[in-house]
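# Examining the three-dimensional arrangement
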Amino acid sequence: MPKDLPVRLFAALLCALSLAACGPGESNVERGNREGVLHFGNGTEPQELDPHIVTGVPEHNIISALLEGLVAKDPRTLEPVPAVAERWEVSADGLTWRFHLREAARWSNGDPVTAHDFVWSWRRALLPELGNQYAYMLFPIAGAEAFHRGELKDFSQVGVKALDEHTLEVKLRHPTPYFLQLLDHYATFPVHRPTIERFGAPGERGTPWTRPGHYVGNGPFVLVGWRLNKVIEVRKNPYYWDADRVALQGVDFRPVENVSTEERMFRAGQLHMTQTVPIDKLAWYRAHHPEMLQVSPYLGTYYYRLNVRHPVLADARVRRALALAVDRKALVDHVTRGGEVPAFSFTPPGIPGYRPPAALRYDPQEARRLLAEAGYPEGQGFPRLSLLYNTSEGHQKIAVALQQMWKRELGVEIALDNQDWKVFLNSVALGQYEIARAGWIGDYVDPMSFLDLWVTDGGNNQTGWSNPHYDELVLQRAVRTSDATERFRLLAAAERILLEEAPIIPLYFYTSKRLVHPSVVGVYPNLLAYVSWKDVRLRATVSSPPTGR
């Protein structure tokens, strides 16, 4: 028996995994409806399950089942709701927050969740040696950025303190309107200190604490199985403070990179939900099974990164030429075809009060002029650059389309290269690329969730781009004003700089597209495609999945 799991929990999990054998021909969905286990298509194999290391959506989906922060999101409105913290108050100047933690909150081994756990976890998340790309999520806290940069050695001087076992006080360096939303991000989730220290140092990456039998979380589910490239299994955590509300007995997260394969698995009854929908199947589902198709606006941008450390891409004229040579409307009309919206800014529409500057357009004539001005008339002498993307038929189609546009409009040759998810992430993090596919989903509903990516040395910048005026607008002026209109004006000015210097090429704004079996209840369309796993349930008797083409 794993040392980390108490006898009661381990016995319960064994029982859950050894239920009566399925009947002949019983599908995953039929068995899942009977047993209360949701089968979820999760895209790629996760990079890791450490909340202070990962950056992707597949990882987020799993971690949000295993861990919980001070607050959560309402799955319909995305408004912050109490989670580990049952209540909180904020000072009149917006600088001091006090969170009151639930006395019933427990880790999955039965240990109490305390304010000290959050202090220790946030210290770990900020350790420079850990290399947390999301460390900046904690930078609104007084002293947090200085500690992360090694300028402040004593963490007791950072503005987070446990006043007692169940009271956490946080002092900010400036009022932060979206601070509560940050606390639902996995970068701010607590981790179990004894487990981390059992397997290595707090700042050590890749230790086996995240493996089944070792993982101690505080969320509604606990990790019980991880079969590489097959399934990650989580089962109901009896120690979770709100366990009575959790209807599911478990979730099986299945990494399926090929979207056509994922759709076939859905039709065959092997998945309750998919991560996305193949382009060529959207019309069929709209016509024959609209009740199973969930399409909604999504606060996310599909874009390309440009490595400005490359001698050719160091020239902003070249970068701008590549951006202006892209026909985004043709891309969404003829390639993606899923209701996506052409992106002429980086921040998507839909954020209340903010109007992103439309500083991009399709202008091949201006693109050719800029390229010629940079020394490459009609593409002459332009080196063959490489476009890197993670393996996916959808990403490949987009890359081919951009390759053709750049050849047609600018006369430049672009080679295509694909890598599996983990290798791809590593290549981008190390700057071993020239042009790279990327996507960004807002972590909270505010333009800062998109614009603080591109500050100098930002953990998710990864382009090498830096602009002092941009940094000043985002990190100093916008964060210090209490006037929302002025704040948005400053952020829009910063975004215009970003688009004009073009270290990135926004292509389109996502729509969330997924297939949901009729037996699934509690999954709602929202701007972040957010699923609250503890609010999902399964109906045992419903119609079978579609069997059409």
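Preceding this section is the structure that the text describes.
Presented here is an overview of the structure given in this document.

Rules behind the numbers
- Residues numbered from 1 in each chain as written.
- Predicted model: local features only at pLDDT ≥ 70, side-chain atom pairs only at ≥ 80, totals over all residues.
- Heavy atoms only, no water.
- Helix = DSSP H or I, 4+ residues; strand = E, 2+ residues; numbered from the N terminus.
- Pairing = 2+ DSSP bridges.
- Salt bridge = Lys/Arg side-chain N within 4 Å of Asp/Glu carboxyl O.
- Buried < 20%, exposed > 50% of the residue type's maximum accessible area, 1.4 Å probe, protein only.
- Axes fitted to C-alpha atoms, helices over the stretch in contact; angles between N-to-C directions.
- Expected span 1.5 Å × (residues − 1).
- Arc of directions from axis to C-beta.
- Polar contact = N/O pair within 3.5 Å; in protein donor to acceptor, adjacent residues only side chain to side chain.
- Contact = heavy atoms within 4.5 Å.
- 1 Å grid on protein atoms, 1.4 Å probe; cavity = no way out; pocket = protein on both sides within 12 Å on 5 of 7 lines; lining within 4 Å.
- Points joined across faces, edges and corners; volume = space filled by probe spheres on them.
- Nonpolar A, V, L, I, M, F, W, Y, C, P; charged D, E, K, R; others polar.
- Parallel < 35°, antiparallel > 145°, perpendicular 65-115°, else oblique.
- Left-handed = near helix turned anticlockwise from the far one by under 90°.
- Core = buried A, V, L, I, M, F, W, Y, C linked by side-chain atoms within 4.5 Å.
- Phe/Tyr/Trp six-rings, centres within 6.5 Å; stacked < 30°, edge-to-face > 60°.

Not every positive phi belongs to a glycine, and Gln462 is a case in point at roughly 55 degrees. Within the fold, Gln462 resides in the loop between α15 (448-451) and α16 (468-480). Within the chain, Ala502 stands out as a residue other than glycine whose phi angle is a positive 55 degrees. Take Ala502: it is sitting in the loop between α17 (484-501) and β16 (504-515).

Strand order in this open sheet of six strands is β12-β16-β11-β15-β13-β14, and the pairing throughout is mixed. The two strands at the open ends of the sheet, each matched to only one other strand, are β12 (341-342) and β14 (414-419). Pairing between β12 and β16: two bridges, direction antiparallel. Note on β16: the bridge partner recorded for Pro342 is Tyr508.

With that out of the way, let us pick up the pattern of salt bridges. In total, this model carries 31 salt bridges according to the counting rule given. Measuring nitrogen to oxygen at the nearest pair gives 2.6 Å for the salt bridge that ties Lys329 to Asp333. Within this pair, Lys329 and its partner Asp333 are both found in helix α11 (residues 328-336), separated by four residues, close to a single helical turn. Given a relative accessible area of 37%, Asp333 falls into the partly exposed group.

On to the sheet that holds strand β10 (residues 250-254), then. Read from one edge of the open sheet, four strands run β1-β10-β9-β8, paired in mixed fashion. At either end of the open sheet lies a strand with only one pairing partner, and these are β1 (37-41) and β8 (221-227). Recorded for the sheet is a direction-independent mean angle of 20 degrees between the axes of neighbouring strands. Bridging between strand β9 (residues 231-236) and β10 involves four bridges; their strand directions are antiparallel. Paired with Arg235 across the strands is Gly250, a residue of β10.

A few words now on helix α13 (residues 393-410). With 18 residues, α13 should cover 26 Å at 1.5 Å per step; its first-to-last C-alpha distance of 25 Å lies within 8% of that length. Those residues of α13 that sit buried are His395, Ile398, Ala399, Ala401, Leu402, Met405, Trp406, Glu409 and Leu410. Burial along α13 is one-sided: seen end-on, the buried residues are contained in an arc of 160 degrees. The backbone nitrogen of Gly394 lies 3.2 Å from a side-chain oxygen of the residue at the head of α13, namely Ser392.

Turning our attention to the environment of Leu451. Topologically, Leu451 is positioned in helix α15. On the accessibility criterion, Leu451 (0% relative accessible area) is buried. For the pair formed by Leu451 and Asp363, sequence separation is 88 residues and the distance between their alpha carbons is 25 Å. Setting aside chain neighbours within four positions, we find Leu451 in contact with Thr347, Tyr354, Tyr470, Val474, Leu491 and Glu495.

Bringing the layout of surface pockets into the picture now. By volume, the second largest pocket amounts to about 440 Å³. Along the wall of the second largest pocket there are 26 residues; nearest its centre are Ala135, Tyr136, Phe139, Gly458 and Gly459. Sorting the residues of the lining of the second largest pocket by element identifies α5 (144-148) and α16 as the ones contributing at least two each. Residues belonging to the lining of the second largest pocket are distributed by class as follows: 13 nonpolar, eight polar and five charged.

What follows concerns the pairing of strand β15 (residues 435-441). For β15, a buried count of six out of seven residues is recorded, marking the element as mostly surrounded by other parts of the structure. Bridging between strand β11 (residues 293-306) and β15 involves seven bridges; their strand directions are antiparallel. Each bridged residue has a counterpart across the sheet, and for Tyr303 the counterpart in β15 is Ala438. Of the pairings in the sheet, the one linking strand β13 (residues 385-390) to β15 comprises two bridges and is parallel in character. What sits directly across from Leu388, in β15, is Ala436.

Two numbers describe how α16 lies on α17: the axes approach to 9 Å, and their chain directions differ by 160 degrees. As the angle between them shows, α16 and α17 are arranged roughly antiparallel. The hand of the α16/α17 crossing is left-handed. Facing α16, whose interface residues are His469, Tyr470, Leu473, Val474, Arg477 and Ala478, α17 presents Arg487, Arg489, Leu490, Leu491, Ala493, Ala494, Glu495, Ile497 and Leu498. By residue class, the composition of the contact of α16 with α17 is 10 nonpolar, one polar and four charged.

Turning our eyes to something else, we now look at the side chain of His185. For His185, the location among the structural elements is in the loop between α6 (179-182) and α7 (193-199). On the basis of relative accessibility, which here comes to 5%, the residue His185 falls in the buried class. Residue contacts for His185: discarding those within four places in its chain leaves Tyr134, Met137 and Asp443.

Bringing helix α8 (residues 259-267) into the picture now. Buried residues of α8: Val259, Ser260, Glu262, Glu263, Phe266 and Arg267, and no others. The arc enclosing the buried residues of α8, seen along the axis, measures out at 160 degrees, which places them on a common side. If you check the start of α8, you find a side-chain oxygen 2.9 Å away from the backbone N of Ser260, and it comes from Asn258. Positive backbone phi, approximately 80 degrees, marks Gly269, located one or two places after α8.

Turning our attention to the nonpolar core. Of all hydrophobic cores here, the largest spans 157 residues; its most connected members are Phe99, Leu168, Tyr304 and Trp406. Ranked by residues supplied to this core, first place goes to α17 with eight residues. Apart from residues no more than four positions distant in its own chain, Phe99 is found in contact with Leu70, Ala85, Arg87, Trp88, His166, Thr167, Leu168, Val170, Phe179, Leu180 and Leu183. If you look at the next biggest cluster of nonpolar residues, it comprises eight residues, including Phe266, Trp284, Tyr285 and Met292.

Moving on to the packing of aromatic side chains. Applying the stated criterion to the full structure yields 30 aromatic pairs. Here the aromatic rings of Tyr302 and Tyr510 are separated by 6.0 Å at their centres, their planes lie at 65 degrees, and the arrangement is edge-to-face. With Tyr302 in strand β11 and Tyr510 in strand β16, this residue pair connects regions lying 208 residues apart in the sequence. Relative accessible area serves as the criterion here: at 1%, Tyr302 is assigned to the buried category. Accessibility expressed as a relative area gives 17% for Tyr510, which makes it buried. Between the aromatic rings of Tyr303 and Trp454, the centroid separation amounts to 5.9 Å while the plane-to-plane angle is 85 degrees, which identifies the pairing as edge-to-face. With a gap of 151 residues between them, Tyr303 in strand β11 and Trp454 in the loop between α15 and α16 connect regions that are remote in the sequence. Like Trp454, Tyr303 is buried.

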